[in-house]
Amino acid sequence: QVQLVESGGGLVQAGGSLRLSCAASGRTFSSYAMAWFRQAPGKAREFVAVIWRSGATYYTDSVKGRFTISRDLAKNTVYLQMNSLKPEDTAVYYCAADPSNTGRVSGGAYDYWGQGTQVTVSS
């Protein structure tokens with residue numbers, strides 16, 4: 001079974017930065033679309049960012065200019081660099097993989113999910 005394991009979450013003050021990591025095992029995801037989603041308490045899971053096989057990226061408007069998704073093929077790892085964090089960024093962040101490389105903003109398009117890592121931003 002393919003596994004995705006997130007790490008790097010924690011508590012940070014508003015305006016600070018965190019880098020989340022998503023390590024893949026079981027098979028390579030170098031040719032897959034990889035995405036980050038997040039879910040705040042009492043809220044639906046929402047799309048954050050995606051990186052396609054080509055290396056192209058797309059972000060939800062609320063994080064555009066602050067977050068950067070990237071991929072290290074040698075380490076089979078995807079990252080989410082989060083800068084200028086705001087309290088509204090507080091959520092559990094999930095890594096997801098789409099072998100079809102469609103990479104839609106709908107979570108239903110992704111076949112594999114990590115367990116999530118908590119990000120808490122204080123004011």
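Overview of the structure. Quantities reported herein were computed from a predicted structural model and do not represent experimental measurements.

1. Quick notes on the pattern of salt bridges
Next up, step 1: Going through the model one piece at a time under the given rule, you end up with four salt bridges.
Next up, step 2: For arginine 38, the salt bridge identified is with glutamate 46, shortest N-O distance 2.8 Å.
Next up, step 3: Arginine 38 gets classed as buried once you look at its relative accessible area, which sits at 5%.
Next up, step 4: Classification of glutamate 46 by relative accessible area gives partly exposed; the value is 34%.
Next up, step 5: The salt bridge involving aspartate 89 is made with arginine 66; its shortest N-O contact spans 2.8 Å. In this pair, aspartate 89 sits in the loop between strand S8 (77–82) and strand S9 (91–98) while arginine 66 sits in the loop between strand S6 (57–59) and strand S7 (67–72), placing the two residues 23 residues apart along the sequence.
Next up, step 6: The exposure class of aspartate 89 is buried, given its relative accessible area of 0%.
Next up, step 7: Given the relative accessible area of 11%, arginine 66 is considered buried.
Next up, step 8: A single network of salt bridges, built from pairs that share partners, joins Arg38, Glu46, Arg66 and Asp89.

2. Quick word on the state of the cysteines
Next up, step 1: By the definition in use, this model includes one disulfide.
Next up, step 2: The disulfide that involves cysteine 22 links it to cysteine 95, with 2.1 Å between the sulfurs. Sign of the S-S torsion, about -80° for the bond between cysteine 22 and cysteine 95, identifies this disulfide as left-handed. Residue cysteine 22 is located in strand S3 (residues 18–25), and its partner cysteine 95 is located in strand S9; the two are separated by 73 residues in the primary sequence. Like cysteine 95, cysteine 22 is buried.

3. Focus on the sheet that holds S3
Next up, step 1: Read across the sheet, four strands follow the order S1-S3-S8-S7 without closing on themselves; strand pairing throughout is antiparallel. Each of the sheet's edge strands pairs with one partner strand only, and the pair in question is strand S1 (3–7) and S7. Across this sheet, the average inter-strand angle for adjacent strands is 15°, counted without regard to direction.
Next up, step 2: Across five bridges, S1 lies against S3 in antiparallel orientation. For glutamate 6, the partnering residue across the bridge sits in S3 and is cysteine 22.

Conventions used here
- Residues numbered from 1 in each chain as written.
- Predicted model: local features only at pLDDT ≥ 70, side-chain atom pairs only at ≥ 80, totals over all residues.
- Heavy atoms only, no water.
- Salt bridge = Lys/Arg side-chain N within 4 Å of Asp/Glu carboxyl O.
- Buried < 20%, exposed > 50% of the residue type's maximum accessible area, 1.4 Å probe, protein only.
- Helix = DSSP H or I, 4+ residues; strand = E, 2+ residues; numbered from the N terminus.
- Disulfide = S-S within 2.5 Å.
- Pairing = 2+ DSSP bridges.
- Axes fitted to C-alpha atoms, helices over the stretch in contact; angles between N-to-C directions.

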